[in-house]
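Next come the chains, spelled out residue by residue.
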Amino acid sequence: MSSHARVPSAAHAGLASPAQVTFSPAQLAEVRRLQGLYPDPRAALLPVLHMAQDTFGYVSLEVEEYVAGLFALSPAHVHEVVTFYTLYFQTPKGRHVVAVCHNLSCHLAGARAIIDHLEARLGVTVGETTDDGRVTLQSVECLCACEHAPMMQVDERYEFDLTPEKVDRILERLR
Amino acid sequence: MTAEKLLMRNFDRADSHTLEAYRATGGYTAWPKAQALDPAAIVEEIKQSNLRGLGGAGFPTGTKWSFIPKNHAGPVYLVINADEGEPGTFKDRYLLERDPHALIEGMLVAARAIRSARGFVYIRGEYVEPWRRFAAAVREAYDAGYLGRGFDVVVHRGAGAYICGEETGLIASLEGKKGWPKLKPPFPAIKGAFGAPTIVNNVETICHVPHIINRGAAWFAALGTKTQGGTRMYSVSGRVKRPGVYEASVAITLRQLIYDLAGGVTGNGRLKAVVPGGSSAAILRADEIDVTLDVDGLRNAGTMAGSAGVIVMDETVSIPEALMVVARFYAHESCGQCTPCRESTGWIYKMCHRIVEGRGTKDDLDKILDVARRGAGTTICAFYDGAVGPYISYIEKFRSEFEALIPT
Ligand SMILES: Cc1cc2nc3c(=O)[nH]c(=O)nc-3n(C[C@H](O)[C@H](O)[C@H](O)COP(=O)(O)O)c2cc1C
Ligand code: SF4
Ligand code: FES
């Protein structure tokens, strides 16, 4: 889902500027705890990148460089890892991420209509973020909840058995 | 026919994920029994049970465990594959959320069998709730003294990549790298995570282990077929009345699963095709569903049991469209290391797309079949063979439907 999210025109609330790319002392302690869980501390890279994204909003080149420093890894190695995985964002994302499954079972249950509905409601196409920075819309591969097709993930939550009406109710909750 | 439930026996309880509920229903009684057994005796018991891996490849679990080098001096790791990503499969999500202690107890037994002091559970990044549930159970197990006394469990989150479900890709990802699979041999049992002998097992496989210890290999073996013991969890989705997860013997037939357990076919009510083992399994026609769902039964039918993700299609479903959706998945998820896989998945998706849009040409179908066949078996991992299964079977079994879309 290499989502080339259109960078929203309005300034995003809550996004760190490069100067702010440092963890708090408590977070640094957590980094050391995570590194200690593995025979090779570098194995904590994925968990620490999750922490970094939660803290800084997305994994910018500055964030990659900062995280590389915490692991004594080259920024190039960290970049290679970040770009391999779909859950790390390299550009600012919306305050909420709506990821609709488009794989086979969801396709059979009408995923296309759900995606069309979301595109119309949000005024964006898949891969884009709304101008107000509220929602990034994605379509993704099987989220392994096919018994509830069509379904989507909204931030951390799975939303099941979607209809256009249910999608509208879910969107209303997203601020 | 549905036998008794082992893996799903507690799913009806709202508190099934708690230590208290697990103990109240006989949980953590296998572990003391296993502690009284020699590691070799545990391996032998699992071999005799005919338990086979439920993550996809169907390899005999006891045999895999016996590959750990004897008298190995350094660490040995147990890695649990909870990177569930095979389209059509959702059983591990239920196990993590509803019976996390079964996995922990199974890990304790497995770790003793392979002499491992540390286990890792690799959970797909999108599974946030299952991850929280499982991590909470791990904390309970530490507090209760099951963990931390010779065996530790580290819960690890992935970050979105289907290929990390392949065991060597999973190990690379666990080590903090991109999830590129590696050529085997060496197999993980010889050189796996962090360079040490490693057993990778699926969540469901390991959840079976306490039952085998408690009730014996012979009992477990008798639940299945000659070559595969036990029950398994079938994920059923698509055009059925009651989509969901069903536990039943590995010896039931696909017809029984669709009609007796999942309530039959919706849409126009008439079955057209079924994918029996996750999207990487070859598709079956409606007249091919009187097969047993064990590893060998489906292999003999020219497809595979895989992850037991069963996707049902009624007569109104367009098979070319379905193949296009499946081909898009493989094009997106190829890790790109091997040329045949990287190139063919991309091209075949494009060709499927243009056929569906009515822009296909006469020789497109044979071109797809030819390209697919030539790459099969030549790549680093089984991902590409998993893509070839659907490419070939959808086209061969439903060729006229594709031809009808191609302008003459
Ligand atoms: C492309 C690909 C994807 C796979 N995805 C998974 C998966 O999501 N979960 C899983 O348990 N096994 C998956 N496997 C199988 C693993 O490589 C491995 O065989 C399995 O985890 C071993 O556990 P088991 O013997 O208990 O089944 C996958 C294999 C391939 C080739
Ligand atoms: S077969 Fe495909 S997914 Fe597997 S290693 Fe090769 S390129 Fe990667
Ligand atoms: S196909 Fe959508 S969750 Fe599996």
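Trainee: Help me understand the environment of A:Leu61 in this model?
Mentor: Residue and element names in this part refer to chain A. Among the secondary structure elements, Leu61 is positioned in helix H3 (residues 61-71). A relative accessible area of 58% places Leu61 in the exposed class. The spacing of Leu61 and Ala76 is 15 residues in sequence and 9.9 Å in space, taken between C-alpha atoms.

Trainee: I tried to follow the packing of aromatic side chains on my own but got confused; where do I start?
Mentor: The relative placement of two aromatic rings is captured by the distance of their centres and the angle of their planes. Counting across every chain of the model gives 21 aromatic pairs over all chains. Their ring planes at 5° and their centres at 5.8 Å tell us that A:Tyr38 and B:Phe120 sit as a pair that is stacked. Of this pair, A:Tyr38 sits in the loop between helix H1 (25-36) and helix H2 (45-56) while B:Phe120 sits in strand E2 (residues 118-123), each in a different chain. Here A:Tyr38 matches B:Phe120 in class, with each residue buried. Ring geometry for B:Tyr330 and B:Phe383: centres 5.4 Å apart, planes at 70°, overall edge-to-face. Of this pair, B:Tyr330 sits in helix H13 (residues 319-333) while B:Phe383 is found in helix H16 (residues 383-397), placing the two residues 53 residues apart along the sequence.

Trainee: When you look at the packing of H13(B) against helix H14 (residues 339-356) of chain B in this model, what are you seeing that I'm missing?
Mentor: Residues and elements named next belong to chain B. For the pair H13 and H14, interaxial distance at closest approach is 8 Å and the crossing angle is 155°. Considered as vectors, H13 and H14 are oriented roughly antiparallel to each other. Our pair here, H13 against H14, has a crossing hand that is left-handed. Two secondary-structure elements touch here, H13 through Pro320, Glu321, Leu323, Met324, Ala327, Arg328, Tyr330 and Ala331 and H14 through Thr345, Gly346, Tyr349, Cys352, His353 and Val356. Of the residues contributing to the contact of H13 with H14, the split by class is nine nonpolar, three polar and two charged.

Trainee: Hey, could you run me through the domain arrangement of chain B in this one?
Mentor: In many reports, interface size means the accessible area that the parts give up when they come together. Residues and elements named next belong to chain B. Per the domain assignment, the segments of chain B are domain 1 (19-222), domain 2 (231-314) and domain 3 (319-403). For domain 2 and domain 3, the distance between their C-alpha centres works out to 22 Å. Counting from both sides, the interface comprises 12 residues of domain 2 and, opposite them, 12 residues of domain 3. Counting the surface lost from both domain 2 and domain 3, the interface buries some 950 Å², and carbon and sulfur atoms represent 61% of this. Taken together, the connections running from domain 2 to domain 3 amount to two salt bridges. Put simply, Lys397 and Glu288 hold a salt bridge, and the shortest N to O gap is 3.0 Å. Across the contact surface, domain 2 and domain 3 share six residue pairs in polar contact (both at pLDDT 80 or more).

Trainee: Whenever I open this one, the domain arrangement of chain A confuses me. Can you help?
Mentor: Per the domain assignment, the segments making up chain A are domain 1 (13-84) and domain 2 (96-172). Measuring from the centre of the C-alpha atoms in domain 1 of chain A to the corresponding centre in domain 2 of chain A gives 29 Å.

Trainee: What's the story with the site of ligand 2 in this structure? I'm lost.
Mentor: Within the structure, ligand 2 sits among 13 residues, and B:Cys335, B:Gln337, B:Cys338, B:Cys341 and B:Cys381 are positioned closest to it. For the shell around ligand 2, the per-class residue count stands at nine nonpolar, four polar and no charged.

Trainee: Quick question: what am I supposed to make of the interface of chain A and chain B here?
Mentor: Contacts between chain A and chain B engage 39 residues on the former and 57 residues on the latter. Buried area between chain A and chain B, summed over both chains or domains, comes out near 3700 Å², and the portion from carbon and sulfur atoms is 60%. Where chain A packs against chain B, one counts three salt bridges. Put simply, A:Glu147 and B:Arg93 hold a salt bridge, and the shortest N to O gap is 2.7 Å. At the surface where chain A touches chain B, the tally comes to 20 residue pairs in polar contact (both at pLDDT 80 or more). Here the side of chain A that touches chain B is built from residues that sort into 22 nonpolar, 11 polar and six charged.

Trainee: What's the story with the confidence of the model for chain B in this structure? I'm lost.
Mentor: Confidence in the prediction for chain B averages 97 pLDDT; 99% of positions are at 70 or higher. Here the complex is predicted with pTM 0.96, and the ipTM for its interfaces comes to 0.97.

Trainee: Explanation requested: the sheet that holds strand E5 (residues 231-238) of chain B in the structure shown.
Mentor: Think of a sheet as strands paired side by side through backbone hydrogen bonds, with each pair either parallel or antiparallel. Residue and element names in this part refer to chain B. Ordered in space as E6-E5-E9-E7-E8, the five strands form an open sheet in which the pairing is mixed. Looking along the sheet, the strands with just one partner apiece sit at the ends: strand E6 (244-249) and strand E8 (284-285). Pairing analysis gives two bridges linking strand E7 (residues 271-275) to E8, with the strands arranged antiparallel. In the strand pairing of E8, Val274 is matched with Leu284.

Trainee: What should I look at first to understand the site of ligand 1 in this one?
Mentor: Residue and element names in this part refer to chain B. Near ligand 1 there are 19 residues, and of these Gly55, Asn81, Asn201, Asn202 and Thr205 occur at the shortest range. Interatomic distance of 3.4 Å between a backbone N/O atom of Asp83 and an oxygen atom of ligand 1. In this structure, Asn201 approaches ligand 1 through a side-chain N or O atom, which is 2.9 Å from an oxygen atom. Element by element, the count of residues in the shell around ligand 1 is highest for strand E4 (residues 198-202), at three residues. Of the residues contributing to the shell around ligand 1, the split by class is six nonpolar, eight polar and five charged.

Trainee: Explain unusual backbone geometry to me, please; I cannot follow it from the model alone.
Mentor: What you tend to see is this: most non-glycine residues have negative phi, and most peptide bonds are trans. For the bond running from A:Ala149 to A:Pro150, omega is -10°, close enough to zero to count as cis. Structurally, A:Pro150 can be placed in the loop between strand E2 (135-140) and strand E3 (152-154). Residue B:Phe194 is not a glycine yet carries a positive backbone phi of 55°. Inspection of the secondary structure assignment puts B:Phe194 in the loop between helix H8 (167-174) and E4.

Definitions and limits used
Residues numbered from 1 in each chain as written. Chains lettered and ligands numbered in written order. Predicted model: local features only at pLDDT ≥ 70, side-chain atom pairs only at ≥ 80, totals over all residues. Heavy atoms only, no water. Helix = DSSP H or I, 4+ residues; strand = E, 2+ residues; numbered from the N terminus. Buried < 20%, exposed > 50% of the residue type's maximum accessible area, 1.4 Å probe, protein only. Phe/Tyr/Trp six-rings, centres within 6.5 Å; stacked < 30°, edge-to-face > 60°. Axes fitted to C-alpha atoms, helices over the stretch in contact; angles between N-to-C directions. Parallel < 35°, antiparallel > 145°, perpendicular 65-115°, else oblique. Left-handed = near helix turned anticlockwise from the far one by under 90°. Contact = heavy atoms within 4.5 Å. Nonpolar A, V, L, I, M, F, W, Y, C, P; charged D, E, K, R; others polar. Domains from an automatic or database assignment. Buried area = accessible area lost by both parts, 1.4 Å probe. Salt bridge = Lys/Arg side-chain N within 4 Å of Asp/Glu carboxyl O. Polar contact = N/O pair within 3.5 Å; in protein donor to acceptor, adjacent residues only side chain to side chain. Near = heavy atom within 4 Å. pLDDT = per-residue confidence, 0-100. Pairing = 2+ DSSP bridges.

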